[in-house]
Amino acid sequence: MLPDLAPWRASRDFRRLWYSGLISNFGSFLTFVALPVQLKDLTGSAAAVGAIGAVELIPLLVFGLYGGALADAWDKRKLIVWTEVGQGLLSAVLLLNALLPEPAVWPLYVVAALSSGLVSVQRPALDSLWPRIVAHDHLPAAASLNSFRWTVGGVAGPALAGVVVAYAGLGWAYGADLLTFLVSVALVVRIAAAPASHEAARPSLRAIAEGARYAWSRKELLGTYAVDLAAMFLAMPLAVLPFLADELDAEWSLGLMYAAVPLGALLVSLVSGWTGRIHRHGRMVVLAAALWGLAIAAAGVMSNVWLVLLFLTVAGGCDMVSGIFRGIMWNQTIPDELRGRLAGIELLSYSVGPTVGQVRSGGFAAWWGVRASVWSGGVLCAGAVGLLALCLPKLMTYDARTDEHAARVRKQRTAARV
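Residues numbered from 1 in each chain as written. Predicted model: local features only at pLDDT ≥ 70, side-chain atom pairs only at ≥ 80, totals over all residues. Heavy atoms only, no water.

## Section: the environment of Asn25
If you trace the backbone, Asn25 turns up in helix α2 (residues 12–43). Separated by 39 residues in the primary sequence, Asn25 and Gly64 place their C-alpha atoms 19 Å from one another. Not counting residues up to four positions away in its chain, the partners in contact with Asn25 are Arg149 and Trp150. (Helix = DSSP H or I, 4+ residues; strand = E, 2+ residues; numbered from the N terminus. Contact = heavy atoms within 4.5 Å.)

## A word on a nonpolar patch on the surface
On the surface, Ile58, Leu61, Val62 and Phe63 cluster together to form a nonpolar patch covering roughly 350 Å² of accessible area. Relative to the helices and strands, Leu61 resides in helix α3 (residues 46–73). (Patch = residues over 30% accessible without salt bridge, like charges linked within 9 Å, V, L, I, M, F, W, Y side chains within 5 Å. Areas by Shrake-Rupley, 256 points an atom, 1.4 Å probe, with all protein chains shown as cover. Salt bridge = Lys/Arg side-chain N within 4 Å of Asp/Glu carboxyl O.)

## Considering the pattern of salt bridges
If you walk through the whole model with that rule in mind, you get six salt bridges. For Lys40, the salt bridge goes to Asp246, with nearest N and O atoms at 3.3 Å. Placement of Lys40 in helix α2 and of Asp246 in helix α10 (residues 241–247) is noted, with a sequence separation of 206 residues between them. The exposure class assigned to Lys40 is partly exposed, which follows from its relative accessible area of 21%. Looking at Asp246, the relative accessible area reads 31%, which means it is partly exposed. (Buried < 20%, exposed > 50% of the residue type's maximum accessible area, 1.4 Å probe, protein only.)

## Concerning the packing of helix α11 (residues 254–270) against helix α13 (residues 305–333)
At a closest axis distance of 6 Å, the pairing of α11 and α13 adopts a crossing angle of 45 degrees. Taken together, the axes of α11 and α13 lie oblique to each other. The handedness of the crossing between α11 and α13 comes out as right-handed. For the pair α11 and α13, the contacting residues are Leu256, Met257, Ala260, Val261, Leu263, Gly264, Ala265, Leu267, Val268 and Ser269 in the first and Val305, Val308, Leu309, Leu312, Thr313, Gly316, Gly317, Met320 and Val321 in the second. Residues that form the contact of α11 with α13 fall into these classes: 14 nonpolar, five polar and no charged. (Axes fitted to C-alpha atoms, helices over the stretch in contact; angles between N-to-C directions. Parallel < 35°, antiparallel > 145°, perpendicular 65-115°, else oblique. Left-handed = near helix turned anticlockwise from the far one by under 90°. Nonpolar A, V, L, I, M, F, W, Y, C, P; charged D, E, K, R; others polar.)

## Regarding the state of the cysteines
As enumerated under the stated definition, the model contains zero disulfides in all. No disulfide involves Cys381; its sulfur sits 10 Å from that of Cys318, the nearest cysteine. Take Cys381: its relative accessible area is 0%, and that puts it in the buried class. Not engaged in a disulfide, the cysteine Cys391 finds its nearest cysteine sulfur in Cys381; these two sulfurs lie 15 Å apart. Take Cys391: its relative accessible area is 53%, and that puts it in the exposed class. (Disulfide = S-S within 2.5 Å.)

This is the structure in structure tokens:
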């Protein structure tokens, strides 16, 4: 049941990239909590907080796809380093704005949009680099370890941010985020260069279209994108958590609410050794996404804050299971020369949903109430995932032991080592 540490022992670059991600994720979660809290304090509007997702959407759509093409054509390490530097500069802007006697609202939206663009360029490079520095047979273990890394920051960051923002101020949260980016850059520059594959196409609309055609031809991959998009769009309640805490008369619980979803993910990742023995990954993606929706629905109807926290934690565990098996399917079946562009499409599937979901949850909360926004999204999520499972049978029948694409990539990796 314990996590498999084989990738950690075998690859020095994996360890460095893992530490870099842990540190920068910790800081990013501080800002993840501080930014909506600051908007809530400045505007008092759930719709204004939900609008963060609207300003993040366009950069995400544009740079997500182009970032994937860049990741296939350029050195992945350089892309990661320079986008990390850019994120640090944006944290400095938030810090300076928070220190003003009267902080402005518009810089918060500008930084959110620019940060979305940088993340959209960085994530395809990062996601397509892992299979380069980890042996093919170690990819399931690497996915679990990466999930564990993300959840450690996801639990500690929001929990600490709630305390820091309440007792020390927003400036301390933004300042700590800036510091983590500086440390992260120092680690990433020490990993080996990761130049483009010889077969990779130059970044262009044609190259992006080639990646999209490949994704469309792989209905099992298409299913993972669609399921995750539906789950995050319909059942992502993060934008309304500050208002939910107020409605439950438990303002003290906001940091815990933000930490509950990552905590559930952390608990799953701590006992993720079993994931390497599962071969029908598509079925696990569907089951876990449906349970995520049901857990969010349960959190929305509860009036006791501790039960709300419990179901948010359960939801986080289900989301982690879905994420682990999505990642295994992607990393074990996508050829290296297309990995960046497919990572860009993957980025859209797991980022557009939460981004637009913030707009949905904020709008629903403004119209029908906070708790109705949460539980209705969970119910709709479970129904949508079930419908997608019926419409995409290849997702349900996928088996890593017999899939032709997994066999082809395994052969490609073996030949590359020889």
